[in-house]
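Working through the structure, step by step
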Amino acid sequence: MSIPTCPSTSLKSSADAMICQSILEVIGNTPIVRLRALSGELGLDVYAKLESFNPGGSHKARIALGMILDAERKGILVRGKQQTIVEPSGGNTGIGLAIAGNILGYEVVLVIPDNYSPEKRQLLRLYGARVVLSDSRLGNNSHGQRAMELQLENPHYVMLNQQRNQANPETHRQSTAQEIIRDFGDRQVDCFVAGIGTGGHITGIGEMLKRHWPDIRVFGVEPEQCDLLADQHAPHGIQGLSIGVVPAVLNLSVLDGMVKVSKPDCQEMVRQTMRSDSISLGISSAANLVAVSKLKTTLPRGAIVLTMIYDGVESYLSYFE
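Because the structure is predicted, anything quoted here is derived from the model rather than measured. (Residues numbered from 1 in each chain as written. Predicted model: local features only at pLDDT ≥ 70, side-chain atom pairs only at ≥ 80, totals over all residues. Heavy atoms only, no water.)

1. Some remarks on the side chain of Glu179
Test applied: Helix and strand definitions follow DSSP, with helices as H or I runs of at least four residues and strands as E runs of at least two, each counted in order from the N terminus. Under the scheme applied here, a residue whose accessible area is under 20% of the maximum for its type counts as buried, over 50% as exposed, and between as partly exposed, the area being computed with a 1.4 Å probe on protein chains only.
Its location among the elements puts Glu179 in helix H7 (residues 176-184). Here Glu179 falls in the buried class, since its relative accessible area comes to 0%.

Here you go:
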């Protein structure tokens with residue numbers, strides 16, 4: 001079985017025929033779509049990279065595979081040894097790890113907060129992962145603390161630790177960012193807007209885009225209850241953002257500013273975008289679009305703005321009951 005050494009070691013043209021040996025070869029090369037309705041409303045040229053098209057339905061499939069392959073190169077994980085990966089995850093990284101673990105032969109134990117969507121818990125179990133719930137009352141990083149406890153109780157477990165693992169941003173440097181630069185070609189992207197969970201994608205993509213387009217501005221997105229740059233964290237209802245710590249892999253120097261968003265505004269943006277641009281998006285993806293709308297007054301008319309759609313609404317239906 002041929003497994004890629006990196007999620008995008010070869011960038012395939014959309015015109016190329018694709019017959020893959022496993023689902024892992026489908027990771028990456030996601031489309032970028034212009035949000036016509038939102039662009040018209042804001043007077044900006046707004047584009048979204050649809051990471052929801054990845055296997056498992058999110059951008060986290062990239063780093064899940066990237067971290068496992070990196071651990072294999074370092075001899076931390078060895079195929080055929082029946083090893084177990086344990087990881088704190090809000091859901092999407094866990095799905096990616098479960099998918100890669102199934103193909104590469106690793107058991108996966110995932111720790112998620114008990115206030116995260118039941119749909120994701122069910123998905124994780126269907127993919128074969130063992131799910132352990134943490135007590136969300138202990139803070140936004142309760143799942144990280146519980147995962148460390150599990151590793152102490154089971155020293156043979158391997159924790160990839162996406163918050164500290166440099167393979168996280170490196171995967172985005174080598175794959176996601178290169179796809180963006182390739183797809184825009186000679187066009188200059190003026191602004192990149194992205195949420196901050198582990199900090200991996202905004203770091204990896206932001207660094208490479210600034211190297212390619214030195215004048216681009218990069219904005220992070222956070223819940224209105226939090227202030228990342230002041231290291232202030234508070235409970236909030238936007239899954240995937242502000243995990244309760246300043247992530248070790250986050251390069252703060254890549255940020256030109258932060259934009260605060262509210263959960264009600266994100267919920268309304270989900271409804272609006274699905275009805276106007278017909279794109280399914282989750283709550284943290286909607287947070288990006290809310291942030292773009294707030295940047296309208298600070299950007300020149302017609303500016304090209306790029307953001308990310310991380311996943312679809314299917315895992316967040318309980319938010320809209």
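Anyway, onward from the coordinates.
2. Brief notes about the confidence of the model for the protein
We count it as follows: The score called pLDDT rates the predictor's confidence residue by residue, from a low of 0 to a high of 100. The contact criterion used throughout is that any non-hydrogen atoms of two residues lie within 4.5 Å.
A residue-level look at the protein finds 94% of positions with pLDDT of 70 or above and a mean pLDDT of 90. The low-confidence segment residues 1-14, where pLDDT is below 50, has 35 contacts with residues more than four positions distant or belonging to other chains.

3. What to know about the packing of H7 against helix H8 (residues 200-212)
Note the cut-off: Axis angles are defined between N-to-C directions and span 0 to 180 degrees, where every axis is a line fitted to C-alpha atoms and, for a helix, only to the segment in contact. The crossing is said to be left-handed when, going from far helix to near helix, the turn is anticlockwise and less than a right angle, and right-handed when the turn is clockwise.
Packing of H7 against H8 leaves a shortest axis separation of 8 Å and a crossing angle of 35°. The element H7 and its partner H8 pack so that their crossing is right-handed. Side by side, H7 and H8 meet where Thr176, Ala177, Gln178, Ile180 and Ile181 of the first sit next to Gly204, Ile205, Met208, Leu209 and His212 of the second.

4. Notes on empty space enclosed by the protein
In this approach the atoms are scanned with a rolling probe the size of a water molecule, which exposes any empty space left behind. We apply this condition: Whether a set of points on the 1 Å grid over the protein atoms alone is a cavity depends on a 1.4 Å probe fitting there but being unable to get out, while an open set qualifies as a pocket with protein on both sides within 12 Å along at least five of seven lines; lining residues are those with an atom within 4 Å of a point. Grid points are joined across faces, edges and corners, and a volume is the space filled by probe spheres set on the points.
Applying the stated rule across the entire model yields 3 cavities of 30 Å³ or more. The wall of the second largest cavity is formed by Ile196, Gly197, Val221, Glu222, Leu228, Ser242, Val245, Pro247 and Met258.

5. Some thoughts on the sheet that holds strand E4 (residues 107-113)
Defined as follows: A strand pair is defined by DSSP finding two or more bridges across the two strands.
On the basis of which strands lie adjacent, the open sheet formed by 4 strands has the order E5-E4-E3-E6 and parallel pairing. This sheet does not close on itself; its edge strands, each paired only once, are strand E5 (130-134) and strand E6 (158-159). Where E4 meets E5, 5 bridges bridge the pair, whose relative direction is parallel. Residue pairing for E5: Pro113 is matched across the bridge by Ser134. Those strands touched by helix H4 (residues 118-126) are E4 and E5, and its axis lies near 150° from that of E5.

6. Looking at the pattern of salt bridges
Our working definition: The salt bridge criterion pairs a side-chain nitrogen of Lys or Arg with a carboxyl oxygen of Asp or Glu, the two atoms within 4 Å.
All chains considered together, the criterion is met by 17 salt bridges. Measuring nitrogen to oxygen at the nearest pair gives 2.8 Å for the salt bridge that ties Glu72 to Arg79. Residue classification places Arg79 among the partly exposed residues on the basis of a relative accessible area of 38%. A salt bridge links Lys260 to Glu222, with the shortest nitrogen-to-oxygen separation between them at 2.9 Å.

7. A look at the layout of surface pockets
Note the following rule: Gly is put with the polar residues, along with every residue not named as nonpolar or charged; the nonpolar set is Ala, Val, Leu, Ile, Met, Phe, Trp, Tyr, Cys and Pro, and the charged set is Asp, Glu, Lys and Arg.
The computed volume of the second largest pocket comes to approximately 250 Å³. As for the second largest pocket, its lining consists of 19 residues, of which Asn115, Tyr116, Asn140, His236 and Gly237 are closest to the centre. Its residues assigned to classes, the lining of the second largest pocket shows 7 nonpolar, 11 polar and 1 charged.

8. Let's talk about the side chain of Thr198
We apply this condition: Polar contacts, as counted here, are pairs of nitrogen or oxygen atoms within 3.5 Å of one another; within protein the pair requires one atom able to donate a hydrogen and one able to accept it, and residues that are adjacent in sequence qualify only if both atoms are side-chain atoms.
For Thr198, the location among the structural elements is in the loop between strand E7 (191-195) and H8. Relative accessible area serves as the criterion here: at 8%, Thr198 is assigned to the buried category. Polar contacts involving the side chain of Thr198 include one to the side chain of Asn168, which spans 3.0 Å. A polar side-chain atom of Thr198 sits 3.3 Å from the main-chain amide nitrogen of Gly200.

9. Details of unusual backbone geometry
Peptide bonds are, in most cases, trans, and in most cases residues other than glycine have a negative phi. Here the phi dihedral of Asn29 falls at roughly 55°; this positive angle occurs in a residue that is not glycine. Structurally, Asn29 can be placed in the segment before strand E1 (32-34). Here Asn29 falls in the partly exposed class, since its relative accessible area comes to 25%. Located in the positive-phi region is Gln82, a residue other than glycine, with phi close to 55°.

10. A short note on helix H3 (residues 92-104)
The condition that has to hold: Between the first and last residue of a helix there are one fewer steps than residues, each counted as 1.5 Å, and that sum is the expected span.
With 13 residues, H3 should reach 18 Å at 1.5 Å per residue; the first-to-last C-alpha distance of 18 Å fits that figure. A large share of H3 lies buried, amounting to 11 of its 13 residues. Taken residue by residue, H3 has Asn92, Thr93, Gly94, Ile95, Gly96, Leu97, Ala98, Ile99, Ala100, Gly101 and Leu104 as its buried positions. Contact partners of the buried residues in H3: helix H2 (60-73), strand E3 (84-88), E4 and H4. Looking one or two residues beyond H3, the residue adopting positive phi is Gly105, at roughly 90°.

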